[in-house]
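Residue-level structural notes
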Amino acid sequence: MQAAGAAIRLLQGKGGGGTETKGLTRDEVLAWLKEEEDWKLSFLWEEADRVRREQVGDEVHLRGLIEMSSFCRRDCHYCGIRGSRKIERYRMSEEEVMECVRIAQRLEYGTVVLQSGEDHGLTSDFITHLVRRIKSETPLAVTLALGERSLEELAAWREAGADRYLLKHETSDPELFRRIHPDCSTEVSDRIALLKAAKEMGYEAGSGVMVGIPGQTYESLADDIMLFRDLDLEMIGCGPFVPHPDTPLGQMTNDESRMTNVRAQVPATDTMTTKVVALTRLLCPDANIPSTTALATINRERGREMGLERGANVWMPNLTQPRYRALYEIYPGKAKVIDTAEEFQKNLLATLERIGRVPGKGPGGRLPRVNLEARNPNDD
Ligand code: SF4
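Residues numbered from 1 in each chain as written. Predicted model: local features only at pLDDT ≥ 70, side-chain atom pairs only at ≥ 80, totals over all residues. Heavy atoms only, no water.

**Concerning the packing of aromatic side chains**
Throughout the structure, instances matching the rule amount to four aromatic pairs. Judged by centre distance (4.3 Å) and plane angle (10 degrees), the rings of Y90 and Y324 are stacked. Taken together, the positions of Y90 in the loop between β1 (59-69) and α4 (94-106) and Y324 in helix α15 (residues 322-325) put the pair 234 residues apart, joining distant regions of the chain. Like Y90, the residue Y324 is buried in the burial classification. Between Y165 and Y203, the aromatic rings sit 5.9 Å apart at their centres with planes inclined by 75 degrees, giving edge-to-face as the arrangement. With a gap of 38 residues between them, Y165 in strand β4 (residues 164-166) and Y203 in the loop between α8 (191-200) and β5 (204-211) connect regions that are remote in the sequence. Accessibility assignment for this pair places Y165 and Y203 in one class, buried. (Phe/Tyr/Trp six-rings, centres within 6.5 Å; stacked < 30°, edge-to-face > 60°. Helix = DSSP H or I, 4+ residues; strand = E, 2+ residues; numbered from the N terminus. Buried < 20%, exposed > 50% of the residue type's maximum accessible area, 1.4 Å probe, protein only.)

**Thoughts on the nonpolar core**
Counting 97 residues, the largest nonpolar core has L33, I66, L114 and L144 as the members making the most contacts within it. Tallying contributions element by element places helix α9 (residues 218-231) first for this core, with eight residues. If we skip the residues at most four places from it in the chain, L33 touches Y218, L221, A222, I225, M272, K275, V276 and L279. Grouped together as the second largest cluster of nonpolar side chains are seven residues, V113, A145, L166 and V314 included. (Core = buried A, V, L, I, M, F, W, Y, C linked by side-chain atoms within 4.5 Å. Contact = heavy atoms within 4.5 Å.)

**Some points on the site of the ligand**
All residues in the neighbourhood of the ligand are listed as C72, R74, C76, Y78, C79, I81, R82 and G117. Its residues assigned to classes, the shell around the ligand shows five nonpolar, one polar and two charged. (Near = heavy atom within 4 Å. Nonpolar A, V, L, I, M, F, W, Y, C, P; charged D, E, K, R; others polar.)

**Quick word on the packing of α4 against helix α5 (residues 124-137)**
Their axes nearest at 11 Å, the elements α4 and α5 cross at an angle of 30 degrees. Between α4 and α5, the angle is such that the two are roughly parallel. With respect to the hand of their crossing, α4 and α5 are arranged in right-handed fashion. Contact residues: α4 offers E94, E95, V97, M98, V101, R102 and Q105, while α5 offers F126, H129, L130, R133, I134 and E137. Considering only residue class, the contact of α4 with α5 consists of six nonpolar, two polar and five charged. (Axes fitted to C-alpha atoms, helices over the stretch in contact; angles between N-to-C directions. Parallel < 35°, antiparallel > 145°, perpendicular 65-115°, else oblique. Left-handed = near helix turned anticlockwise from the far one by under 90°.)

Written out as structure tokens, the structure is:
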């Protein structure tokens with residue numbers, strides 16, 4: 001079964017010979033990002049799927065997403081709930097969040113993801129109490145995705161029992177990051193430092209990038225993928241860049257928004273996004289990698305499955321009450337799905353069955369490294 005692994009190297013002119021794909025170099029990653037021949041890419045898809053099966057199995061972990069608040073103090077140039085937009089906003093009560101948590105439990109998900117804009121109206125005490133309640137009343141793992149919060153808050157929530165912290169760094173190119181994500185007054189964002197601090201506190205840390213940000217080059221995207229490996233992240237989510245039309249980036253014409261010449265600009269396509277998913281699986285074999293909603297939004301027919309077939313092993317069904325979901329429209333099309341969680345679950349299970357996968361059991365954290373390293377490499 002190392003044929004595809006060898007081909008990964010061979011096709012990039014490196015000779016192959018059973019070399020570990022985890023050791024792909026930045027130049028090789030870059031070459032794969034630029035690869036456009038379908039027959040060559042089929043080796044990449046095959047190898048990513050093989051490594052996924054071998055390292056994390058056929059289970060697809062279900063993380064119930066709860067969008068707790070659409071308030072945000074930031075003003076990212078692509079985001080539909082950026083703070084300066086005059087839109088109707090909401091913040092769930094503890095009981096409303098717990099309603100969603102109980103749905104996750106009923107549907108036998110392993111994790112709830114408490115997500116919001118960067119909303120300091122969700123106070124440290126509110127989150128602490130909520131985390132304690134979920135951990136004491138359910139067996140669910142708790143992932144927090146609440147933006148750039150203070151180290152004191154992260155520590156208090158970890159102490160309360162939160163398992164994971166998710167903070168996408170969006171791009172490792174500092175200039176590009178600043179262009180799309182303005183700092184809040186004098187506070188300078190350093191998401192990488194916050195992720196490292198979260199790991200030191202004992203969180204499983206998750207991050208990710210957008211693929212096809214205007215001005216994003218192949219070189220910077222290759223750097224993003226190498227950074228995933230260097231940070232040793234437990235979760236890595238990559239979706240295509242989809243700007244909301246009522247934002248500065250959404251209102252630019254294609255030519256204006258590219259900011260680089262056309263050949264240098266990474267396209268925000270399903271194929272490019274799944275190249276990033278596949279390469280991430282090869283470089284971070286045991287990470288939990290979602291097939292993202294943004295990917296399923298730009299390819300409604302096959303996006304979710306493409307992700308799962310090219311390296312992903314996580315699905316994050318949205319458990320937010322439908323009346324709030326429409327108000328959490330980060331990008332267009334995302335909130336169009338108005339199924340209840342139960343209706344959505346039927347489609348989810350049918351999709352998993354169709355592609356030969358099974359819903360995960362339990363919290364679905366990263367497997368203990370010792371088991372992986374004890375494997376006999378000749379087992380392949
Ligand atoms: S991307 Fe996140 S931090 Fe930025 S404006 Fe949107 S919700 Fe706020």
